[in-house]
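# Commentary on secondary and tertiary structure
Below, each chain spelled out in residue letters.
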2 protein chains.
Amino acid sequence: MDEVILPQAFNMNRALSIRSNKSKGSSGAGAGAKRPGFSFNSLRGQVQPELSRKLFRLIKSENNLISAHETAGRERVSIATQLSEWGEQTGDESISDISDKVGVILSEMGEQEDAYAHALDDSRAELKAIRNTEKSVQPSREKKDKIADEIQKLKLKEPGSTRLPVLEQELVRAEAENLVAEAQLTNTTRQKLKEAYVAEFAATIERAQKQIMLAQHGRRLLELLDDSPVVPGDTRVPYQHSSLARQILNDAEDDLRGWRPEAEGFSTPVQSQSPTLEGKGKEPLASEDNLSPVQSEAATVESGTSPLEQRG
Amino acid sequence: MDEVILPQAFNMNRALSIRSNKSKGSSGAGAGAKRPGFSFNSLRGQVQPELSRKLFRLIKSENNLISAHETAGRERVSIATQLSEWGEQTGDESISDISDKVGVILSEMGEQEDAYAHALDDSRAELKAIRNTEKSVQPSREKKDKIADEIQKLKLKEPGSTRLPVLEQELVRAEAENLVAEAQLTNTTRQKLKEAYVAEFAATIERAQKQIMLAQHGRRLLELLDDSPVVPGDTRVPYQHSSLARQILNDAEDDLRGWRPEAEGFSTPVQSQSPTLEGKGKEPLASEDNLSPVQSEAATVESGTSPLEQRG
């Protein structure tokens, strides 16, 4: 049991980056598309556009993570009930009362685990918004590249073709469209990535702080259990702590009810140019989901300079 | 996203006891054995003695709980790598660096989840010690009851039987043996129950405190990501935070390395008669496992008054 509480020899240096080396040297937005070899994508039988494939898989993994925490919460609640019922069956008044009340604490810890799973699910929705934008940007890139290719080939084959000026106009339009798409992509990606993990870290802290409170009160309950050994034939001192045990549960309840998230202002000073979280509008997720990525970025695009003007 | 950080309407009153009502009115050590009806126990095909059946199931549920936390840890580490590799593929230097470093934080959170699962496994071993003792006490109770029954029947059928004095001597021996067994049971049960959940709560606090540290540094990393929207054609300000991001990981590493468990002295005053945790001998689990419950209680029994003397 001592290993549990001793600080483990810890070295995060092994993981200053967790990127596997195989992908080194192939950075850049188009790197994925140039990957040689056949990639078999068996996830749900859908073949995702290359651009959104990695995030598609990550979102699937998030699903597994969420399920695991849901299962943990459910099992914890089940164990809590079983502990209480086992304690009653022992016919030992101390064990009966304390196992029941420790069970209440464990059960609430399970509820916190479940709430954490739900918060992860909200965070996952933000990643989906990035993936959807990636998905919609891919055709725009391909269209632009295809027209440029066509122009290149035509220039070699029929330099005087009347289709050339038409294609060149098409290319300008495709480039303009792609410019908008890429701006939407960078805006959505940065904003949603940040929101997703700010929310996930906040949920981690909430679960942790609440479970610490619960565990501390749980330890107080265990202190009420006299575990000094008796000799055969001796009777135990009668249990006298039921009102104190009850009070401990009340304290736990008060602590949980009094829990507030820390202010989002961070204590650590950050260099200039880093954005702050204050004043960022947070629309409800549901309504954002109904907007296509293009729609949700429309305001940004419209308020800015027209892409065509910039190119002129 | 606002729901995540707002305190939930919380009422632990629904759970001042988590005992289901069906078992009310049937308390006492023998209650389980008197349960009417057929109980089909399909767990691993083993039929457990009635006394240890509830704990046997609880220990199975603990297994599911441990697996769930292991899965959560594994998925978390996998997501961390995927996030980093996705970030690299975006070709955006800010996202690439921050996703990689947030990935390192997430990966370490996953390791903490896995360490928690292992700590739960240690705690589960303590519950097994109780279950094993329960299992070994059951035959002793049954033997005593069987002899008493036999005497009762014989007294009605053949009051002058010469087997009666023999059976009565056997009963005294069986009662003495059972007295020892019951003392072993109460000693093991209280001690191991307390150890199991003290360890479990300590592990909960350790995971929580470490994950809070990690999440806080994770939020600092996210602050370095400029998510102000750009208009199409604009270029982002070049990423300038790589050394600060590196420093944040160093800080996280230092915090984790500096983590120490709280002292086990509890701050809350507890009424007299409650046992303290100081000075309790903690043998390594492995060697305890090799001792049968009877052996491990031998010292207690031998140092006490002989059960036979007490009955005389």
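Residues numbered from 1 in each chain as written. Chains lettered and ligands numbered in written order. Predicted model: local features only at pLDDT ≥ 70, side-chain atom pairs only at ≥ 80, totals over all residues. Heavy atoms only, no water.

Identification of chain A as Sphingolipid long chain base-responsive protein LSP1 from Fusarium xylarioides is taken from an unreviewed UniProt entry.

Helix and strand counts for chain A come out as 8 helices and 0 strands. Overall, chain A shows an N-to-C arrangement of helices and strands of α-α-α-α-α-α-α-α. Within the span of chain A, comprising 312 residues, buried residues form 50% of the whole. Taking contacts inside chain A between residues at least 6 apart in sequence as the whole, the part at least 24 apart equals 75%. As displayed, chain A offers around 14,600 Å² of accessible surface, 51% of which is attributable to carbon and sulfur atoms. (Helix = DSSP H or I, 4+ residues; strand = E, 2+ residues; numbered from the N terminus. Buried < 20%, exposed > 50% of the residue type's maximum accessible area, 1.4 Å probe, protein only. Contact = heavy atoms within 4.5 Å. Areas by Shrake-Rupley, 256 points an atom, 1.4 Å probe, with all protein chains shown as cover.)

The next thing to look at is helix α3 (residues 93-157) of chain B. Under the 1.5 Å per step criterion, the end-to-end length of α3(B) is 95 Å for 65 residues, consistent within 8% with the ideal 96 Å. Where α3(B) starts, the residue carrying a side-chain oxygen 3.0 Å from the main-chain nitrogen of B:Ser94 turns out to be B:Asp92. (Expected span 1.5 Å × (residues − 1). Polar contact = N/O pair within 3.5 Å; in protein donor to acceptor, adjacent residues only side chain to side chain.)

Moving on, we get to the UniProt feature "coiled-coil region" (unreviewed entry) in chain A. In this numbering, the UniProt entry assigns the feature "coiled-coil region" (unreviewed entry) to residues 164-191 of chain A. Annotation note: span residues 164-191 of chain A, helix share 100%, strand share 0%, distance between end C-alpha atoms 40 Å. (UniProt positions renumbered as here; feature names shortened; annotations may be inferred.)

This paragraph deals with the pattern of salt bridges. Tallied over the entire structure, the rule returns 34 salt bridges over all chains. Where A:Glu200 meets B:Arg76, a salt bridge forms, and the shortest distance between an N and an O atom there is 2.5 Å. Note that A:Glu200 is positioned in helix α4 (residues 163-223) and B:Arg76 in helix α2 (residues 50-89), a pairing that runs across two chains. B:Asp251 serves as the salt-bridge partner of B:Arg220, at 2.9 Å between the closest nitrogen and oxygen. Highlighted residues: B:Arg220 in helix α4 (residues 163-223) and B:Asp251 in helix α5 (residues 242-258), separated in sequence by 31 residues. When salt bridges that share partners are traced, they join A:Glu113, A:Arg207, B:Glu113 and B:Arg207 into one network. (Salt bridge = Lys/Arg side-chain N within 4 Å of Asp/Glu carboxyl O.)

What follows covers the environment of A:Ile205. Relative to the elements of secondary structure, A:Ile205 occurs in helix α4. Classification of A:Ile205 by relative accessible area gives buried; the value is 4%. When the C-alpha atoms of A:Ile205 and A:Ile130 are compared, they prove to be 24 Å apart, with 75 residues separating the residues in sequence. If sequence neighbours within four positions are ignored, A:Ile205 has contacts with A:Glu262, B:Ile212, B:Ala215, B:Gln216 and B:Arg219.

All names here are of chain A. In the structure shown here, the tally under the stated rule is 2 aromatic pairs over all chains. Arranged with centres 6.4 Å apart and planes meeting at 50 degrees, the rings of Tyr-197 and Phe-201 form a pair that is tilted. With Tyr-197 and Phe-201 both in helix α4 and 4 residues apart, the pair spans about one turn of that helix. When sorted by exposure, Tyr-197 lands in the same class as Phe-201, which is buried. The lysine or arginine in question, Arg-207, covers the ring of Tyr-116, its NZ or CZ lying 4.1 Å from the ring centre. (Phe/Tyr/Trp six-rings, centres within 6.5 Å; stacked < 30°, edge-to-face > 60°. Lys NZ or Arg CZ within 6 Å of the ring centre and 35° of its normal.)

Residues and elements named next belong to chain B. Structurally, Ala-129 is set in helix α3. A residue is classified by how much of its surface remains accessible, and Ala-129, at 21% relative accessible area, is partly exposed. Dropping the residues within four chain positions of it, Ala-129 is found in contact with Thr-188 and Lys-192.

Turning next to the confidence of the model for chain A. Detailed reading of the predicted model is not advised wherever pLDDT is low. All names here are of chain A. On average, chain A scores 78 in pLDDT, and the residues at 70 or more come to 70%. Here helix α6 (residues 285-290) stands out as the least confident element of chain A, with mean pLDDT 38; α4 is the most confident, with 96. Of the regions scoring below 50 in pLDDT, residues 22-46 engages in 29 contacts with residues more than four places distant in sequence or in other chains. Low pLDDT (under 50) marks residues 265-312, which in the prediction has 65 contacts with non-local residues, meaning those over four places away or in another chain. Scored as a whole, the predicted complex attains pTM 0.74, and scored at its interfaces, ipTM 0.73. (pLDDT = per-residue confidence, 0-100.)

This next bit is on the packing of helix α2 (residues 50-89) of chain A against α3(B). One can describe the packing of α2(A) onto α3(B) by two numbers: an axis separation of 15 Å at closest approach and a directional angle of 25 degrees. Overall, the two elements α2(A) and α3(B) adopt an arrangement that is roughly parallel. In the crossing of α2(A) with α3(B), the sense of the turn from one axis to the other is left-handed. Each of A:His69, A:Arg76 and A:Trp86 in α2(A) lies in contact with α3(B), whose residues at this interface are B:Glu113, B:Tyr116, B:Leu120, B:Ile130 and B:Glu134. Looking at the contact of α2(A) with α3(B) residue by residue, the class counts come to 4 nonpolar, 1 polar and 3 charged. (Axes fitted to C-alpha atoms, helices over the stretch in contact; angles between N-to-C directions. Parallel < 35°, antiparallel > 145°, perpendicular 65-115°, else oblique. Left-handed = near helix turned anticlockwise from the far one by under 90°. Nonpolar A, V, L, I, M, F, W, Y, C, P; charged D, E, K, R; others polar.)

Let us now look at helix α5 (residues 242-258) of chain A. Over its 17 residues, α5(A) extends 24 Å from the first C-alpha to the last, a length consistent with the 24 Å expected when each residue adds 1.5 Å. In the core, the buried residues of α5(A) are packed alongside α3 (93-157) and α4 of chain A.

This part covers the packing of α3(B) against α4(B). Running from N to C, α3(B) and α4(B) point in directions that differ by 170 degrees, and their axes come no closer than 8 Å. When the axis of α3(B) is compared with that of α4(B), the two are roughly antiparallel.

All right, on to the environment of A:Glu182 then. Residues and elements named next belong to chain A. Looking at the secondary structure, you find Glu-182 in helix α4. Taking the C-alpha atoms as reference points, Glu-182 and Glu-134, separated by 48 residues in sequence, lie 9.2 Å from one another. Among residues more than four places away in sequence, those in contact with Glu-182 are Val-137 and Arg-141.

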